[in-house]
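# Structure assessment
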Amino acid sequence: VDRPGCDPCQQDHSRFERCHGAVGSVPEPGARPGPPGGAMFWASAMASATAACADADLTIVSHTATGKVPIKAVSGPGGALFNYTRQMNDAIECITLLIGGGVLDRNPKARIMFAEVGAGWLLGLAERMDEVYFGHAPYIQPKLSRLPSQILRDQVYSSFQNDTGCLAIRKLLGLKNMLFASD
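What counts and how
- Residues numbered from 1 in each chain as written.
- Predicted model: local features only at pLDDT ≥ 70, side-chain atom pairs only at ≥ 80, totals over all residues.
- Heavy atoms only, no water.
- Helix = DSSP H or I, 4+ residues; strand = E, 2+ residues; numbered from the N terminus.
- Expected span 1.5 Å × (residues − 1).
- Buried < 20%, exposed > 50% of the residue type's maximum accessible area, 1.4 Å probe, protein only.
- Phe/Tyr/Trp six-rings, centres within 6.5 Å; stacked < 30°, edge-to-face > 60°.
- Arc of directions from axis to C-beta.
- Contact = heavy atoms within 4.5 Å.
- Pairing = 2+ DSSP bridges.
- Axes fitted to C-alpha atoms, helices over the stretch in contact; angles between N-to-C directions.

Let us now look at helix H4 (residues 87–100). Between its terminal C-alpha atoms H4 stretches 20 Å, which fits the 20 Å expected from 14 residues at 1.5 Å a residue. Among all positions in H4, only Gln 87, Asp 90, Ala 91, Cys 94, Ile 95, Leu 97, Leu 98 and Ile 99 are buried. Phi for Gly 102, located one or two positions after H4, is positive at around 85°.

Laid out in structure tokens, this is it:
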């Protein structure tokens, strides 16, 4: 597969070809939703690729430390701990933008998977998005047809390696969102 963004494990190239044009116009997968263009530009650019991949039954996959985020954001004491820990923040921001912007709600067959960012934080993110959705309802746009937590449960996946916390929450979140990975 010569384009990033759709799961290269899929061997049916006709499905990939159907989403190829939309994926070609999207920022690099895992790219931090920041300048140039800002977070909302990034989310709107992902909307076309998400719809195209959903129509083609392809899963969008983003691996930690991909994109244009500087891996070494902080130097000196605490730098390594900060830099490697914060890599899950890119997945959190992406999920929040795709759910909050209505992209996943409008494309209920879309799937997005984040590799090597852990999974124990998924439940906390789901609960926080629901809290904000209700607590700030007058300001939330667009209105979603499902709760943010339900969209996350239905369409977002994350892999873990050493994250025992995700095993503790699996009954609350559901096991289908978590995948074990090893190098």
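This next bit is on the packing of aromatic side chains. As enumerated under the stated definition, the model contains 1 aromatic pair in all. The interplanar angle of 75° and the centroid separation of 6.0 Å between the aromatic rings of Tyr 133 and Phe 134 together place this pair among those described as edge-to-face. A residue is classified by how much of its surface remains accessible, and Tyr 133, at 14% relative accessible area, is buried. By relative accessible area, which is 56% here, Phe 134 ends up exposed.

Among all positions in helix H7 (residues 148–155), only Pro 148, Ser 149, Ile 151, Leu 152 and Gln 155 are buried. Looking straight down H7, one finds its buried side chains confined to an arc of 160°; they lie on one side. The inward-facing, buried residues of H7 contact H4, helix H5 (103–106), strand E2 (112–115), helix H6 (122–135), strand E3 (156–160) and helix H8 (164–173).

Strands sit in the order E1-E2-E3-E4 across an open sheet of 4 strands; the sheet is parallel. Two strands bound the open sheet, and with one partner strand each, they are strand E1 (60–63) and strand E4 (178–180). Ignoring strand direction, the axes of neighbouring strands in this sheet form an average angle of 20°. Sheet topology places E2 next to E3; 3 bridges connect them, and they run parallel.

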